Amino acid sequence: MLPKQSKVLVVDDEPPLRKALRASLAAAGFEVQEARTGDEAVAVSKQNPFDLVLLDINMPGLTGFEACRRIRDLTPRTGIVMVTVRDAEDDKVRALECGADDYITKPFRLRELVARLRAVLRRTQMEQNPKAVLQAGALEIDLDRRMLRRAGKQVHLSPKEFDLLAYLMQNLDAPVTHVKLLRAVWGPEYGGELEYLRSYVKMLRKKIETDPARPEYILTEPWVGYRFCDPSDPESLPPLSDN
Amino acid sequence: MAAATPFLGAGPSGRERVPLSGVTTSYLRSSSSKSIGRAAKRIALGSIALALLTAVCYRLHLNVGTTSFVYLLVIVTQSLAADFISSAVVALVAVACLDYFFTDPLFTFNVTDPLDVVALVSFVVTALVITRFVSKARQEALTSQLQHRRLNGLYKLAQQLLAMEPEVSIGKKFLEPFRTVFDARAVCLYDAGTGELHLVGESSNSLEERTRDAYIGGRDADDRGAGISVRCLRAAGRTTGAIGFEGLANPESEAGALTALAATLFERTRAFRRASHAAATAQTEAYRSAILDALAHEFKNPLATILAAAGGLREAGPLRPDQEEMAEMVESEAHHLGNLTSRLLRVARLDREEVKPRMEPIDIMSLVSRTIQAYSRHATDRQVSLQQGCESAEVVADPELLRLAVSQLVDNACKYSHPDSAVILSIERQPHSVAVRVWNRGRSIPPHEKNRIFERFHRGDDARQSVPGSGLGLYVARKIAIAHGGSLDLEAEKPLEEGATFRLTLPTPESEPEHVAKAV
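Residues numbered from 1 in each chain as written. Chains lettered and ligands numbered in written order. Predicted model: local features only at pLDDT ≥ 70, side-chain atom pairs only at ≥ 80, totals over all residues.

A. Main features of the overall build of chain B. Counting secondary structure elements, chain B contains 14 helices and 12 strands. The buried share of chain B, reckoned over its 520 residues, is 34%. Considering only contacts in chain B between residues 6 or more positions apart, those separated by 24 or more positions represent 64%. (Helix = DSSP H or I, 4+ residues; strand = E, 2+ residues; numbered from the N terminus. Buried ≥ 20, exposed ≤ 12 C-beta atoms within 10 Å, placed from the backbone. Contact = placed C-beta atoms within 7 Å.)

Rendered as structure tokens:
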């Protein structure tokens with residue numbers, strides 16, 4: 001499926017989990033290496049850059065956040081997915097602020113993890129060859145000509161709406177925090193104006209979603225921000241099942 | 001005559017036991033006959049002394065002036081030892097003697113010389129004034145001595161009480177000093193906090209009943225005949241108990257001070273009891289948190305391993321269809337268990353912390369539908385569904401918290417309904433709010449439990465035996481509703497419909513804030 005085996009570093013202090021992940025991810029087509037602590041992960045990354053790092057937040061010694069920051073500095077093109085626990089929601093925002101590309105909540109299904117890892121991989125590869133025209137489902141956005149087409153028909157967007165959608169589509173499948181979106185679209189002095197963001201997302205959904213009440217493209221990541229998905233892509237992230 | 005005198009009961013030497021305070025009619029009444037006898041004896045003694053002196057003075061042919069001075073010695077001595085009345089009587093006897101034996105004409109009570117009249121009148125006035133002053137000084141000394149003794153008693157009592165370890169319970173140990181220091185026959189305390197009666201000593205007049213009755217009636221009670229005084233203990237405007245004394249030497253003046261002391265100490269013990277209880281509760285909460293946090297960690301890692309391994313099994317495939325099904329079952333159930341653990345932890349956290357919703361506009365229908373989907377997968381023996389024809393609405397709420405609250409309601413409805421029965425959710429738009437109703441067929445909630453089901457840790461009588469749960473679900477769901485400015489209630493039952501309907505109401509946002517769109 002992938003042109004070459006992607007190298008994943010699994011960082012967790014629980015030996016059984018590392019062992020299970022090593023076997024399962026190998027079965028899913030990854031080349032897996034393990035690290036027991038944050039320090040070890042940083043040391044291993046220094047010698048040999050990885051395509052992906054799966055990093056647990058709660059570890060003795062160097063925390064996942066700090067390890068993430070250091071790995072990001074060492075190898076900027078490595079995709080990092082952090083493992084959070086459900087009842088510490090603020091960890092998600094913090095993980096993204098530390099430079100993680102995505103997060104996954106423990107305990108997770110392997111399918112979900114693989115989908116996330118692949119999405120991150122796709123994105124890091126895409127960043128290396130930026131395209132002027134992006135496609136997702138029925139949507140086609142032309143970044144140079146600042147045009148959006150939905151099922152072949154042009155959709156009129158205001159300049160801010162366009163910037164917002166373009167930014168989200170460039171980060172396909174990745175969670176984007178409220179603050180990051182506000183700064184990217186409105187400017188670096190913004191950050192707390194969630195109301196702006198909400199009303200623009202609402203308007204965008206009216207223009208691009210089939211049923212704005214049940215969005216398929218712009219999904220809300222509770223307490224974090226938004227995630228743009230491609231509903232036509234089976235590889236795209238399945239909606240998180242909970243309850 | 002004697003009954004009007006304040007300190008008639010005091011012995012001449014002061015060695016006799018005296019009441020700890022002075023003016024006590026009950027005490028006087030009981031000892032008045034004895035006092036009259038004592039006064040008569042003193043008058044007789046004074047009169048004999050006068051008679052002797054009269055004889056001596058008469059022999060020596062002393063005049064009125066000299067004899068008066070000699071008499072005054074007797075009168076002063078008399079008033080030093082005795083009360084005013086007996087001294088006054090002796091003074092009058094002395095005047096009579098002067099008149100009879102020393103003024104002309106002798107041996108009659110007539111006085112012819114105006115100078116003698118002046119001398120006699122002067123003597124009477126001087127004698128009475130001296131008597132009065134001396135008695136008064138004596139009385140004051142006695143009063144002060146008594147006050148001193150009473151204060152000493154109270155001080156000693158307070159000291160004994162304060163030296164006690166502050167205990168959680170109030171018992172006989174607390175009452176014993178009251179009895180011993182003030183020589184009461186019995187002391188009884190009714191603690192309204194625990195409903196207990198404590199008695200020390202021997203009561204011959206049902207002190208216990210009277211103490212409890214005084215608390216119930218909220219009124220102090222005195223029975224002089226039985227020597228009983230009962231006082232209510234009050235603190236911060238509330239009656240917290242009652243204390244009864246039997247056989248106090250001087251109940252009217254002592255009961256008040258003793259009660260004040262008892263109330264203070266009683267309050268101290270109660271405060272200690274409350275503080276101990278609060279400390280114990282805080283410790284329990286701390287243990288609970290620690291256990292939950294440990295559970296969170298200890299559960300999630302093995303579950304993550306199971307999920308990773310089961311997923312890996314499927315990836316490693318190809319599996320036979322039955323193997324695939326089993327692997328899927330392991331994965332799906334482990335995932336469900338993970339979600340249950342997360343939810344339990346979140347409920348526990350919300351229970352002890354303040355709920356701080358992070359508001360976002362959400363479509364209530366989509367949230368409710370997702371919850372129903374999740375339940376349909378696992379609660380396969382209940383038909384969880386959304387009522388037909390419901391209209392959706394946008395609410396501003398915390399999606400995670402709201403989903404948790406709705407899940408708790410559905411969970412509750414599934415638990416308390418018959419197998420294979422329906423659990424129906426509905427959404428209803430109201431002028432300024434949206435109501436989500438969760439209905440289940442099943443046992444109705446008994447009237448006495450209706451107000452209690454939202455209480456923390458409350459579990460229905462039947463539930464304790466038949467349904468697993470923590471008793472936190474509805475409590476936390478309501479906490480979430482209230483934090484959103486909404487409410488969670490149990491709806492009144494419709495006639496002929498068995499079951500329960502919970503209504504979660506959330507306020508709907510005002511019309512779209514236009515300034516937002518214009519501002520950017």
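Now, onward.
B. Region of interest: the overall build of chain A. A count of helical and extended segments in chain A gives 8 helices and 12 strands. Of all 243 residues assigned to chain A, the portion counted as buried reaches 42%. Counting contacts in chain A only where the partners sit at least 6 residues apart, residues at least 24 apart contribute 56% of the total.

C. Broad picture of unusual backbone geometry. Note that the residue after Lys106 of chain A, namely Pro107 of chain A, is joined by a cis bond; omega there is -5°. Mapped onto the elements of the fold, Pro107 of chain A is located in the loop between strand E5 (102–106) and helix H5 (110–128). The residue after Asp104 of chain B, namely Pro105 of chain B, is reached through a cis peptide bond having omega -20°. By the secondary structure assignment, Pro105 of chain B is in the loop between helix H3 (84–102) and helix H4 (114–162). One non-glycine residue, Asp173 of chain A, lies in positive phi territory at about 70°. For Asp173 of chain A, the location among the structural elements is in the loop between helix H6 (159–170) and strand E10 (175–177). One non-glycine residue, Trp223 of chain A, adopts positive backbone phi at about 70°. The exposure class of Trp223 of chain A is partly exposed, given the 17 C-beta atoms found within 10 Å.

D. Expanded view of the interface of chain B and chain A. Taken together, the contact pairs 38 residues of chain B with 32 residues of chain A. Of all the elements in the fold, those that place two or more residues in the side of chain B that touches chain A are helix H7 (251–316), helix H8 (321–352), strand E6 (360–363), helix H9 (364–378), helix H10 (399–415) and helix H14 (514–519) of chain B. With 13 residues, the single largest contributor to the side of chain B that touches chain A is H7 of chain B. For the side of chain B that touches chain A, a count of residues per class yields 16 nonpolar, 12 polar and 10 charged. (Nonpolar A, V, L, I, M, F, W, Y, C, P; charged D, E, K, R; others polar.)

E. Main features of the environment of Ala260 of chain B. Along the polypeptide, Ala260 of chain B turns up in helix H7. Here the alpha-carbon distance between Ala260 of chain B and Arg231 of chain B, two residues 29 residues apart in the chain, equals 9.5 Å.

F. Geometry of the pairing of strand E8 (residues 394–397) of chain B. Residue and element names in this part refer to chain B. Only one face of E8 is buried, namely the one carrying Val395 and Ala397, since none of Glu394 and Val396 on the opposite face is buried. Here 4 bridges tie E6 to E8, and the two strands are oriented antiparallel to one another. Bridge pairing in E8 places Asp363 opposite Glu394. (Pairing = 2+ DSSP bridges.)

G. Fine view of helix H4 (residues 90–97) of chain A. Residue and element names in this part refer to chain A. For H4, the complete set of buried residues consists of Asp91, Lys92, Ala95 and Leu96. Within H4, the buried residues cover an arc of 135° as seen down the axis, which keeps them to one side. Buried-residue contacts for H4 involve helix H3 (64–74), strand E4 (79–85), E5 and E10. Phi turns positive, to about 105°, at Gly99, one or two residues after H4. (Arc of directions from axis to C-beta.)

H. Representation of the confidence of the model for chain B. Residue and element names in this part refer to chain B. Of all residues in chain B, 88% attain a pLDDT of 70 or more, and the chain-wide mean is 80. Every residue in residues 1–30 scores below 50 in pLDDT, and together they form 54 contacts with partners more than four places removed in sequence or on other chains. Low pLDDT (under 50) marks residues 511–520, which in the prediction has 6 contacts with non-local residues, meaning those over four places away or in another chain. We note a pTM of 0.60 for the whole complex and an ipTM of 0.83 for its interfaces. (pLDDT = per-residue confidence, 0-100.)

I. Region of the structure containing the sheet that holds strand E3 (residues 52–56) of chain A. Residues and elements named next belong to chain A. In spatial order, the strands read E2-E1-E3-E4-E5; together these 5 strands make up an open sheet with parallel pairing. Single-partner strands in this sheet number two, and they are strand E2 (31–35) and E5. Recorded for the sheet is a direction-independent mean angle of 20° between the axes of neighbouring strands. Examined bridge by bridge, strand E1 (residues 7–11) and E2 share 5 bridges and lie parallel to one another. Among the inter-strand pairings, Leu9 is bridged to a residue of E2, identified as Gln33. (Axes fitted to C-alpha atoms, helices over the stretch in contact; angles between N-to-C directions.)

J. Representation of the nonpolar core within the structure. By size, the foremost hydrophobic cluster in this structure holds 49 residues, and its most contacted members are Val8, Val53, Leu55, Val81 and Met82 of chain A. A total of 8 residues in this core trace back to one element, the largest contributor, which is H7 of chain B. Not counting residues up to four positions away in its chain, the partners in contact with Val8 of chain A are Leu25, Phe30, Glu31, Val32, Phe50, Asp51, Leu52, Leu54 and Leu117 of chain A. Core analysis: the next-biggest nonpolar cluster, separate from the first, contains 46 residues, Ala397, Leu404, Cys414 and Val438 of chain B among them. (Core = buried A, V, L, I, M, F, W, Y, C linked by C-beta atoms within 7 Å.)

K. Expanded view of helix H7 (residues 178–185) of chain A. Residues and elements named next belong to chain A. Of the positions making up H7, those classed as buried are His178, Leu181, Leu182 and Val185. Considered in projection along H7, the buried side chains sweep an arc of 95° and stay on one side of the axis. Those residues of H7 that are buried are in contact with H6, E10, helix H8 (194–208) and strand E12 (225–228). Where H7 ends, the next residue or the one after it, Gly187, has phi of about 135°, a positive value.

L. Seen up close, the sheet that holds strand E5 (residues 238–246) of chain B. All names here are of chain B. One open sheet accounts for 5 strands, arranged E2-E1-E5-E4-E3; its pairing is antiparallel. In this open sheet, the two edge strands, each paired with only one partner strand, are strand E2 (196–201) and strand E3 (221–223). Taken over all neighbouring pairs, the strand axes of this sheet differ in orientation by 15° on average, direction set aside. With 6 bridges connecting them, strand E1 (residues 186–191) and E2 associate as antiparallel partners. For Asp191, the partnering residue across the bridge sits in E2 and is Glu196. Across the sheet, helix H5 (residues 172–181) lies against E1 and E2, angled at about 40° from E2, the strand it touches most. On top of the sheet, helix H6 (residues 207–217) reaches E1, E2, E3, strand E4 (228–235) and E5; it is set at about 155° to E5, its chief contact.

M. Quick look at the pairing of strand E8 (residues 147–150) of chain A. All names here are of chain A. Relative to E8, strand E7 (residues 139–142) runs antiparallel, the two being bridged by 4 bridges. Directly across from Glu140, in E8, lies its bridge partner Arg149. Between E7 and E8, which pair antiparallel in sequence order, lie 4 residues; one of them, Arg146, sits at a positive phi of approximately 50°. In this structure, the hairpin formed by E8 and strand E9 (residues 153–155) is closed by a connection of 2 residues, where Ala151 is found at a positive phi of approximately 50°.

N. Expanded view of the packing of helix H1 (residues 15–27) of chain A against H7 of chain B. At a closest axis distance of 8 Å, the pairing of H1 of chain A and H7 of chain B adopts a crossing angle of 20°. Overall, the two elements H1 of chain A and H7 of chain B adopt an arrangement that is roughly parallel. Crossing of H1 of chain A over H7 of chain B shows left-handed handedness. Touching Pro16, Leu17, Ala20, Leu21, Ala23, Ser24 and Ala27 of chain A of H1 of chain A are Asn301, Ala304, Thr305, Ala308, Ala309, Gly311, Gly312, Glu315 and Ala316 of chain B, all from H7 of chain B. For the contact of H1 of chain A with H7 of chain B, the class distribution of residues is 10 nonpolar, 5 polar and 1 charged. (Parallel < 35°, antiparallel > 145°, perpendicular 65-115°, else oblique. Left-handed = near helix turned anticlockwise from the far one by under 90°.)

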